[in-house]
Amino acid sequence: TKRSGRNGYHFFEASMNVNAHNQLQWLQDLRLALERNEFLLHYQPKYNSPNGPVLGAEALLRWQHPVHGLVGPDEFIGLAERSGLIVPIGAWVLDEACRQMKTWYDIGHEDWKIAVNLSALQFAQIDLIDLVKETLARHDLPARCLTLEVTESTAMHDAESSLKTLQQIADLGVDISIDDFGTGYSSLLYLKRLPANELKIDRGFVRDLSDGNDDAAIISAIVALGRTLNLRIVAEGVETTKQQTFLTSVGCDALQGYLMGRPMPPDKFIEATSNLVKN
Ligand code: C2E
Ligand code: CA
Ligand code: CA
Ligand code: CA
């Protein structure tokens, strides 16, 4: 039976059945993963609509588990959040993503932005602003090359203090992106106050997109709202040319999805994205 309705229940159930690996064991493994250097980042390109150029990439966390192989974030982010380990793991992600972005910057991609996902727990960290500042400085990376992706619920948690933190980060010149847009509960008033530059339409709306259904209308409404709030509008989870055509026609500024490029290791990224431009 389902013992916990909170996020993470999938994790326990799937892992316990498939791997016969108990939750305590996973937690122990997760504790050691940082020092054992088992995390890595894959990068998924974001493209200017309809088909280029590349605007940058989203960094997506992966765990090379010694027994279970490559594990995706849906399998362990919940546990990392409940245990607090997401704070040091998140700091590692930010550092590694900025390090990678700097290598791209140095070969001429000075206009790219690297997007990093933030958890609510990191957000509540008092020194998040210092962490961002120090990480940028350590890699000598301009703030405009970094985007932080936060969900509505992440930002809503302790809304006033989150707004203040976000504003300070935005003041550094870092872009703020509202992730999974449309799945949260923010009021329009709150959205208006968020110092965001970008809005990402949740993959769920894109997935169910076909002519004439509600999702098409919802996406058009989100685009209109984003325009009003002066936000760059990104659609994620784009898998078909039909979706691509629709999203472009309603005015999405940028597209991300398997159609244009899957998340990939950094050594593949430059070649894969420059191939697409040539086509
Ligand atoms: P997200 O931030 O919404 O990231 C997008 C997810 O959609 C990624 O899954 C990506 O691989 C997947 N995706 C991209 N394009 C397509 C597509 O065309 N079709 C489909 N079906 N999926 C697509 P991934 O990498 O498994 O990450 C899942 C979630 O884990 C992320 O959702 C994010 O919430 C979280 N996550 C990933 N990396 C980090 C991290 O470094 N820190 C934190 N706190 N969370 C992370
Ligand atoms: Ca994201
Ligand atoms: Ca998302
Ligand atoms: Ca998500």
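Everything below is about the structure printed above this text.
Residues numbered from 1 in each chain as written. Chains lettered and ligands numbered in written order. Predicted model: local features only at pLDDT ≥ 70, side-chain atom pairs only at ≥ 80, totals over all residues. Heavy atoms only, no water.

Caption draft 1: Up close: the side chain of Thr154. Inspection of the secondary structure assignment puts Thr154 in helix 7 (residues 152-156). There is a polar contact of 2.6 Å between the side chain of Thr154 and the side chain of Thr151. The contact partners of Thr154, leaving out residues within four places of it in the chain, are Leu118, Ser119, Ala120, Phe123 and Ser162. (Helix = DSSP H or I, 4+ residues; strand = E, 2+ residues; numbered from the N terminus. Polar contact = N/O pair within 3.5 Å; in protein donor to acceptor, adjacent residues only side chain to side chain. Contact = heavy atoms within 4.5 Å.)

Caption draft 2: Region of the structure containing the site of ligand 1. For ligand 1, the set of nearby residues contains 22 residues, the closest of which are Gln44, Arg62, Ser119, Glu239 and Tyr258. A distance of 3.0 Å separates a nitrogen atom of ligand 1 from a polar atom in the side chain of Gln44. With the chains in place, 86% of the 800 Å² that ligand 1 exposes on its own is no longer accessible. According to the grid-proximity analysis, the pocket containing ligand 1 is the largest pocket. Those elements that provide at least two residues to the shell around ligand 1 are strand 2 (54-65), helix 4 (86-106) and strand 6 (175-181). Among the elements that line the shell around ligand 1, the one with the most residues is strand 2, at four residues. In terms of residue class, the shell around ligand 1 is made up of nine nonpolar, five polar and eight charged. (Near = heavy atom within 4 Å. Areas by Shrake-Rupley, 256 points an atom, 1.4 Å probe, with all protein chains shown as cover. 1 Å grid on protein atoms, 1.4 Å probe; cavity = no way out; pocket = protein on both sides within 12 Å on 5 of 7 lines; lining within 4 Å. Sits in = over half its atoms within 2 Å of the grid points. Nonpolar A, V, L, I, M, F, W, Y, C, P; charged D, E, K, R; others polar.)

Caption draft 3: Seen up close, the nonpolar core. If you look at the biggest cluster of nonpolar residues, it comprises 76 residues, and the most contacted ones within it are Leu30, Phe39, Leu146, Leu148, Ile201, Ile219 and Leu247. In terms of residues, this core owes the most to one element, helix 4, which gives ten residues. (Core = buried A, V, L, I, M, F, W, Y, C linked by side-chain atoms within 4.5 Å. Buried < 20%, exposed > 50% of the residue type's maximum accessible area, 1.4 Å probe, protein only.)

Caption draft 4: Spatial organisation of the coordination of the calcium ion (ligand 2). Bound to the calcium ion (ligand 2) on the protein side are Glu58 (OE), Asn117 (OD1), Glu149 (OE) and Asp179 (OD), at distances that span 2.1 to 2.3 Å. Mapping the donors of the calcium ion (ligand 2) onto the primary sequence gives the spacing E-x58-N-x31-E-x29-D. The calcium ion (ligand 3) is placed at 4.0 Å from the calcium ion (ligand 2), the two being bridged by Asp179. With a gap of 30 residues between them, Glu149 in strand 5 (residues 146-151) and Asp179 in strand 6 connect regions that are remote in the sequence. Each member of the pair Glu149 and Asp179 is classed as buried. (Donors = N, O, S within 2.8 Å, 3.2 Å for Na, K, Ca; no water.)

Caption draft 5: Broad picture of the coordination of the calcium ion (ligand 4). Around the calcium ion (ligand 4), the protein supplies Asp180 (OD) and Asp180 (OD) as donor atoms, at distances of 2.7 to 3.2 Å. Between the calcium ion (ligand 4) and the calcium ion (ligand 3), a separation of 4.0 Å is found, and both are coordinated by Asp180. If you trace the backbone, Asp180 turns up in strand 6.

Caption draft 6: Summary view of the packing of helix 4 against helix 6 (residues 128-138). Where helix 4 contacts helix 6, the two axes come as close as 9 Å, and the packing angle between them is 30 degrees. As summarised for this structure, helix 4 and helix 6 are arranged roughly parallel, according to the angle between their axes. Helix-helix and strand crossings are classified by hand; for helix 4 and helix 6 the assignment is right-handed. Here helix 4 contributes Ala91, Leu94, Asp95 and Cys98 to the contact with helix 6, which in turn contributes Leu131, Val132, Thr135, Leu136 and Arg138. Of the residues in the contact of helix 4 with helix 6, the class split is six nonpolar, one polar and two charged. (Axes fitted to C-alpha atoms, helices over the stretch in contact; angles between N-to-C directions. Parallel < 35°, antiparallel > 145°, perpendicular 65-115°, else oblique. Left-handed = near helix turned anticlockwise from the far one by under 90°.)

Caption draft 7: Representation of the pairing of strand 2. Where burial is concerned, most of strand 2 is hidden: ten out of the twelve residues are buried. Pairing of strand 1 (residues 39-48) with strand 2 involves nine bridges; the strand directions are antiparallel. In the strand pairing of strand 2, Lys46 is matched with Gly56. The loop that links strand 1 with its antiparallel partner strand 2 comprises five residues; one of these, Gly52, has a positive phi angle of about 120 degrees. When strand 2 meets strand 4 (residues 113-117), the two strands line up parallel, connected through four bridges. Looking at the pairing, Ala59 lines up with Val116 of strand 4. In this structure, strand 2 lies alongside strand 3 (residues 69-71), joined through three bridges in antiparallel fashion. Bridge assignment links Trp63 to a residue of strand 3, and that residue is Val71. (Pairing = 2+ DSSP bridges.)

Caption draft 8: Up close: the pattern of salt bridges. What the rule picks out here adds up to 16 salt bridges. A salt bridge links Lys46 to Glu149, with the nearest nitrogen and oxygen atoms 3.4 Å apart. Of this pair, Lys46 sits in strand 1 while Glu149 sits in strand 5, and the two are 103 residues apart along the sequence. The salt bridge involving Glu160 is made with Arg193; its shortest N-O contact spans 3.1 Å. Of the two residues, Glu160 sits in helix 8 (residues 159-172) while Arg193 sits in helix 9 (residues 188-193), which places them 33 residues apart along the sequence. Residue classification places Arg193 among the partly exposed residues on the basis of a relative accessible area of 46%. Among the ionic contacts, a cluster of salt bridges with common partners joins Lys46, Glu58, Lys113, Glu149, Asp175, Glu198, Lys200, Arg232 and Glu236. (Salt bridge = Lys/Arg side-chain N within 4 Å of Asp/Glu carboxyl O.)

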